[in-house]
Amino acid sequence: TLNILIENGKISALLPQDEVPQNAELIDCSGRFITPGFIDIHIHGREGFEASEDVDFVARAVARHGVTSFLPTTLTDSFDRTLDTLSYLADYISSGTTDGAAEPLGIYSEGMYFSGKKAGAQNPEFIKDEIKILELEKMIENSGLQDQILDIYIPMEETIEEKANGKKKVVMKKVVPCYIFIKLV
């Protein structure tokens, strides 16, 4: 049996009983599971609160359930509202106020550049058919130079054809999800 030594809120060592420091607080975890913290890479909100509106509440709520770090995720919205959301999330991340909360590792920018047919829960009113590089640059700028994932669906010209009675018929056009990870150093 090994003992887990925690220093400054992090696991620092696994020790046999005879190596546990004398002043260590002991917590009996017999019959329980000890797991690493979870990393949630796509979370819009928790308990009725959107990360884009109250990221601190979401960070504290998910921490109570074992999430130690996460990527707050935006929803499809107007371009201006998306920029405001990215700025808000970047300010929170930069503030470093994560005591007792899961740590945001960056931003997951979802929406705007989806296929209208693949919108799922996203608001189709704000989905754009064409990707504009200047808009992407502005989104990255408003993210406060945070690492982020941009979730973009790129329509492809490839078609799937079906032969019926010797004739070709287009059944569907493919839409390919594309995840762009931006690591800013």
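Residues numbered from 1 in each chain as written. Predicted model: local features only at pLDDT ≥ 70, side-chain atom pairs only at ≥ 80, totals over all residues. Heavy atoms only, no water.

Draft legend 1. The arrangement of the overall build of the protein chain in detail. Looking only at helices and strands, one finds 3 helices and 10 strands in the protein chain. Ordering the α and β elements of the protein chain from the N terminus gives β-β-β-β-β-α-β-α-β-β-α-β-β. Put simply, the protein chain has 185 residues, and 32% of those count as buried. Across the protein chain, contacts joining residues at least 24 apart in sequence account for 60% of those joining residues at least 6 apart. (Helix = DSSP H or I, 4+ residues; strand = E, 2+ residues; numbered from the N terminus. Buried < 20%, exposed > 50% of the residue type's maximum accessible area, 1.4 Å probe, protein only. Contact = heavy atoms within 4.5 Å.)

Draft legend 2. Fine view of the packing of helix 1 (residues 51–63) against helix 2 (residues 79–95). At a minimum axis separation of 9 Å, helix 1 and helix 2 run at an interaxial angle of 25°. Classified by the angle between their axes, helix 1 and helix 2 sit roughly parallel to one another. Between helix 1 and helix 2 the crossing geometry is right-handed. Between helix 1 and helix 2, the contacting residues are Ala 51, Ser 52, Glu 53, Asp 54, Val 55, Asp 56 and Ala 59 on the first element and Arg 81, Thr 85, Tyr 88, Leu 89 and Tyr 92 on the second. Of the residues in the contact of helix 1 with helix 2, the class split is 6 nonpolar, 2 polar and 4 charged. (Axes fitted to C-alpha atoms, helices over the stretch in contact; angles between N-to-C directions. Parallel < 35°, antiparallel > 145°, perpendicular 65-115°, else oblique. Left-handed = near helix turned anticlockwise from the far one by under 90°. Nonpolar A, V, L, I, M, F, W, Y, C, P; charged D, E, K, R; others polar.)

Draft legend 3. Just the confidence of the model for the protein chain, in detail. Per-residue pLDDT for the protein chain has a mean of 80; in total, 77% of the residues score no lower than 70. Element-level mean pLDDT values for the protein chain span from 53 in strand 10 (residues 167–182) up to 95 in helix 1. Contacts from residues 170–174, a stretch scored under 50 in pLDDT, to residues over four places away or in other chains number 15 contacts. (pLDDT = per-residue confidence, 0-100.)

Draft legend 4. Geometry of the nonpolar core. By size, the foremost hydrophobic cluster in this structure holds 21 residues, and its most contacted members are Val 55, Val 58, Val 62, Phe 70 and Met 139. Only helix 1, strand 6 (67–72), helix 2 and helix 3 (133–142) provide two or more residues apiece to this core. No other element matches helix 2, which puts 6 residues into this core. For Val 58, the residues in contact, after removing those within four places along its chain, are Ile 43, Gly 45, Arg 46, Phe 49, Glu 50, Ala 51 and Phe 70. (Core = buried A, V, L, I, M, F, W, Y, C linked by side-chain atoms within 4.5 Å.)

Draft legend 5. Structural detail: the pattern of salt bridges. For the structure shown, the criterion picks out 6 salt bridges. Residues Glu 47 and Arg 46 are paired through a salt bridge, measuring 3.7 Å at the closest nitrogen-oxygen approach. For Glu 141, the salt bridge goes to Lys 138, with nearest N and O atoms at 3.4 Å. Placement of both Glu 141 and Lys 138 in helix 3 is noted, with a separation of 3 residues, approximately one turn of the helix. Since its relative accessible area comes to 53%, Glu 141 is described here as exposed. For Lys 138, a relative accessible area of 32% puts it in the partly exposed group. One salt-bridge network, held together by shared partners, links Arg 46, Glu 47 and Arg 64. (Salt bridge = Lys/Arg side-chain N within 4 Å of Asp/Glu carboxyl O.)

Draft legend 6. Fine view of helix 1. Here helix 1 contains 13 residues, and its C-alpha end-to-end distance of 14 Å is more than 12% below the 18 Å for a straight helix at 1.5 Å per residue. Maximal helix bending in helix 1 amounts to about 55°, located at Phe 57. Check the buried side of helix 1 and you find it contacts strand 3 (38–43), strand 4 (45–46), strand 5 (49–50), strand 6 and helix 2. (Expected span 1.5 Å × (residues − 1). Bend = angle between axes of the 7 residues up to and from the residue.)

Draft legend 7. Examining the sheet that holds strand 6 more closely. Ordered in space as 3-6-7, the 3 strands form an open sheet in which the pairing is parallel. With one partner strand each, in any of the chains shown, strand 3 and strand 7 (103–104) form the two edges of the open sheet. Examined bridge by bridge, strand 6 and strand 7 share 2 bridges and lie parallel to one another. The partner of Phe 70 across the bridge, within strand 7, is Pro 104. (Pairing = 2+ DSSP bridges.)

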